[in-house]
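# Summary of structural features
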Amino acid sequence: MRDYLASTTKVPPFGPTNAAIMGVGEAPGGEEIDHNPPRPFVGKSGQLLGNQSGRAGIPKRKMFLTNLSPLRPKGNKFVRLIGNEELTFGLEALKEDILRVNPKVIIAFGGWPMYYLTGQCGLKNNKPNPGSGILARRGSVYENTLVEGGPKVLCTLHPAYVYRTPKVKPFFVHDLGRAKEESLFRDIRYPPYELLVDPPDIDVLVTEAMQSEWISFDIETFGPGEMSCFGFTFDGKRAIVLTFQNPYAWQWAKQVFECQAKKIAQYGTYDCMFLEFFYGWKKTNFAHDTYIGAANLEPGFPKGLDFLTSINTTFAFYKEERKEWKKTGDYHTLWDYNAKDVISTWITAMTQMEEIRELYG
Ligand code: URA
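Glancing now at the sheet that holds strand 11 (residues 238-243). The 6 strands are arranged 8-11-10-9-12-13 in an open sheet whose pairing can be described as mixed. The strands lining the two open edges of the sheet, one partner per strand, are strand 8 (194-197) and strand 13 (286-289). Sheet twist, expressed as the mean angle between neighbouring strand axes with direction ignored, is 25°. Bridge count for strand 8 against strand 11 is 4 bridges, and the pairing is parallel. Residue Glu194 lies in a different strand from strand 11, and its bridge partner there is Arg238.

Next up, the structure:
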């Protein structure tokens, strides 16, 4: 037996071959090997998965469960399998199973399944760092890169991690609930929005914005005192981004910022202080801050827009796109990033306001 393996027992996939949801873990653990017959996700993490998926409305028995590798690495250390034939074999078998079962959605449990199924990972020193980045990307749906044109992939935490870190359990349940929704259709549905950068009919749009009930806005800056763009939406569908490249941009932006419509922003204290201090614009009718909304509704949960986006919208994690702009200098990336912030803040605010109404009447 290879010295990096804990056992030569192979754990085959298990579950209905007509399942709408497939779950993919890393590799079996000891309990999966010892089960008679060997079966994926029957140990502690499998039990947690069963309980939590039941809560989310997807019974475990309805999922087709498998792993990247059917063999257990020593010390349950998945990295020991990388570059070895067991993983190559496992990935080939996984491809065949994906084609055979053809689920509507695949759940990637943890950073390695996310990497092998979607190519997504975190960055270290600005370079891709395979296996990392799942905490930021959980809740995101991506295209399948293992099987071209194959079922979309929803990334979430590994149940063993959830077992060791109980505070993340609600996010895990949320993602499983999302998997249930995603299993009803095959395509990837990110929030649709139209990006309008310095549009020629800005006068018409600003007039419409000033007459609307709500405006969600966000600024990007080049550093202290210098705004690169002011983005806003007043319908959650069109993101209007006014940029420093347009000499009239700030005139229009000021009108939007100072009008009577109720304003929404994520941690708007910063944006308002910046605009008042450096540009002299007056904060007017600032009515809903999604950061404060999050602190009120779920005090123990993260409050950053990246997390709120993963819970309230169907956007995939996009917060690294700002780094992308810094690397390439392509302004379009920055304007689109700003647009996503504005739309995500709008969707989050509407969800929070609904929750507040339900709670407090
Ligand atoms: N962890 C996994 O990744 N897979 C299993 O089957 C069990 C635990």
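Per the stated rule, a full pass over the model turns up 20 salt bridges. With a shortest N-O distance of 3.1 Å, Lys282 and Glu276 are connected by a salt bridge. One salt-bridge network, in which partners are shared between bridges, spans Arg2, Glu85 and Glu86.

One pass over the full model with this rule turns up 33 aromatic pairs. Geometrically, the ring pair formed by Phe171 and Phe301 is edge-to-face, given 5.0 Å between the ring centres and 85° between the ring planes. Placement of Phe171 in helix 7 (residues 169-182) and of Phe301 in the loop between helix 11 (290-297) and helix 12 (305-312) is noted, with a sequence separation of 130 residues between them. Of the residues examined, Phe171 reaches a relative accessible area of 10% and is grouped as buried. Of the residues examined, Phe301 reaches a relative accessible area of 22% and is grouped as partly exposed.

A separate point is helix 9 (residues 249-258). Within helix 9, the full set of buried residues consists of Ala249, Ala253, Val256 and Phe257. End-on view of helix 9: buried residues confined to an arc of 95°, all on one side of the axis. The inward-facing, buried residues of helix 9 abut helix 8 (202-210), strand 9 (214-223), strand 10 (226-233), strand 11, strand 12 (262-265) and helix 10 (268-279).

This next bit is on unusual backbone geometry. Across residues other than glycine, the phi torsion is negative in most instances, and most of the peptide bonds are trans. Here the residue pair Asn36 and Pro37 is connected by a cis peptide bond, since its omega of -5° sits within 30 degrees of zero. Even without a glycine there, the phi angle at Asn125 is positive, about 50°. Here Asn125 lies in the loop between strand 4 (122-124) and strand 5 (127-129). Residue Asn125 is classed as exposed on the basis of its relative accessible area of 70%.

A few words now on the site of the ligand. Taken together, Gly25, Glu26, Ala27, Pro28, Glu32, Pro40, Phe41, Ser45, Asn67 and His158 make up the full set of residues adjacent to the ligand. In the environment of the ligand, a nitrogen atom lies 3.1 Å from a nitrogen or oxygen atom belonging to the backbone of Ala27. One of the side-chain nitrogen or oxygen atoms of His158 is found 2.8 Å away from an oxygen atom of the ligand. Within the complex, 93% of the 230 Å² of free accessible area of the ligand lies under protein. Partitioning the shell around the ligand into residue classes produces 4 nonpolar, 4 polar and 2 charged.

In this section: the pairing of strand 11. Here strand 11 lies mainly inside the structure; 5 of its 6 residues are buried. Pairing geometry for strand 10 and strand 11, over 4 bridges, is antiparallel. Bridged to Phe232 within strand 11 is Ile240.

A rise of 1.5 Å per residue sets the reference length of helix 2 (residues 44-55), with its 12 residues, at 16 Å; its end C-alpha atoms lie 17 Å apart and thus fit the reference within 8%. Within the sequence span of helix 2, burial applies to Ser45, Gly46, Leu48, Leu49, Gln52 and Ser53. Seen along its axis, helix 2 keeps its buried residues to an arc of 155°; they face one direction. For helix 2, exposure combined with an orientation more than 90 degrees from the buried face picks out Asn51 and Arg55. Contacts made by the buried residues of helix 2 are with strand 2 (63-67), strand 3 (105-109), helix 6 (159-164) and helix 7. Trailing helix 2 by a residue or two, Gly57 shows a phi angle of about 90°, which is positive.

All right, on to the packing of helix 12 against helix 14 (residues 331-360) then. One can describe the packing of helix 12 onto helix 14 by two numbers: an axis separation of 10 Å at closest approach and a directional angle of 60°. In this structure, helix 12 crosses over helix 14, and the sense of that crossing is left-handed. Residue-level contacts link Leu305, Leu308, Thr309 and Asn312 of helix 12 to Asp341, Ser344, Thr345, Ile347, Thr348, Thr351 and Gln352 of helix 14. Of the residues that constitute the contact of helix 12 with helix 14, the class distribution is 3 nonpolar, 7 polar and 1 charged.

Let's shift gears to the state of the cysteines. By the definition in use, this model includes 0 disulfides. Here Cys121 stays unpaired: no disulfide links it, and the sulfur of Cys155, its closest cysteine neighbor, is 11 Å away. Lacking any disulfide linkage, Cys272 is separated from the closest cysteine sulfur, that of Cys259, by 13 Å.

Each value, and the rule that gives it
- Residues numbered from 1 in each chain as written.
- Predicted model: local features only at pLDDT ≥ 70, side-chain atom pairs only at ≥ 80, totals over all residues.
- Heavy atoms only, no water.
- Pairing = 2+ DSSP bridges.
- Helix = DSSP H or I, 4+ residues; strand = E, 2+ residues; numbered from the N terminus.
- Axes fitted to C-alpha atoms, helices over the stretch in contact; angles between N-to-C directions.
- Salt bridge = Lys/Arg side-chain N within 4 Å of Asp/Glu carboxyl O.
- Phe/Tyr/Trp six-rings, centres within 6.5 Å; stacked < 30°, edge-to-face > 60°.
- Buried < 20%, exposed > 50% of the residue type's maximum accessible area, 1.4 Å probe, protein only.
- Arc of directions from axis to C-beta.
- Contact = heavy atoms within 4.5 Å.
- Near = heavy atom within 4 Å.
- Polar contact = N/O pair within 3.5 Å; in protein donor to acceptor, adjacent residues only side chain to side chain.
- Areas by Shrake-Rupley, 256 points an atom, 1.4 Å probe, with all protein chains shown as cover.
- Nonpolar A, V, L, I, M, F, W, Y, C, P; charged D, E, K, R; others polar.
- Expected span 1.5 Å × (residues − 1).
- Left-handed = near helix turned anticlockwise from the far one by under 90°.
- Disulfide = S-S within 2.5 Å.

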